[in-house]
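Residue-level structure breakdown
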Amino acid sequence: EPQEYILSICFNKYIEFVSNSKSGAFFYYSNDGKYLIKTVEQAETNCLTGMLHQYSQHLENNVDTRLCRMYGLYRLSLNNGIKGLLRTKFYFLIM
């Protein structure tokens, strides 16, 4: 349900999940525990978007699959306020 998703992700505090991940990614749970949020690098976003069609086809054809459901892949860009200078980009995946 899109409205439930938005309420879970956008209007709550997140619960940090401490992990010793080799990638150095940060993990968070939505406050209601329905979603896991993982920070990802740009290379991983490129890989995920490259296989998106096959992934969605697999989910449609295999309703009982054990593959993790991915609900969103987002980029957050922060400007430093000075025109022409670098901006910082963060990527995160919601599962």
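Cut-offs used in this document
- Residues numbered from 1 in each chain as written.
- Predicted model: local features only at pLDDT ≥ 70, side-chain atom pairs only at ≥ 80, totals over all residues.
- Heavy atoms only, no water.
- Pairing = 2+ DSSP bridges.
- Helix = DSSP H or I, 4+ residues; strand = E, 2+ residues; numbered from the N terminus.
- Axes fitted to C-alpha atoms, helices over the stretch in contact; angles between N-to-C directions.
- Contact = heavy atoms within 4.5 Å.
- 1 Å grid on protein atoms, 1.4 Å probe; cavity = no way out; pocket = protein on both sides within 12 Å on 5 of 7 lines; lining within 4 Å.
- Points joined across faces, edges and corners; volume = space filled by probe spheres on them.
- Nonpolar A, V, L, I, M, F, W, Y, C, P; charged D, E, K, R; others polar.

Here we look at the sheet that holds strand S5 (residues 88–94)
Here we have five strands laid out as an open sheet, ordered S1-S2-S3-S5-S4, and antiparallel in their pairing. The two strands at the open ends of the sheet, each matched to only one other strand, are strand S1 (15–17) and strand S4 (72–78). For this sheet, the mean inter-axis angle between neighbouring strands, taken without regard to orientation, is 30 degrees. Inspection of the sheet shows strand S2 (residues 27–29) paired to strand S3 (residues 36–40) by three bridges, in the antiparallel sense. When the sheet's bridge partners are listed, phenylalanine 27 is paired in S3 with lysine 38. The strands touched by helix H2 (residues 42–50) are S3, S4 and S5; relative to S3, the strand with the most contacts, the crossing angle is about 115 degrees.

As for the layout of surface pockets
Approximately 350 Å³ is the volume found for the largest pocket. Thr39, Val40, Phe90, Tyr91 and Phe92 are, among the 19 residues lining the largest pocket, the residues nearest its centre. Where the lining of the largest pocket is concerned, the elements lending two or more residues are S3, H2 and S5. Looking at the lining of the largest pocket, the element that brings in the most residues is S5, giving five residues. Of the residues in the lining of the largest pocket, the class split is twelve nonpolar, four polar and three charged.

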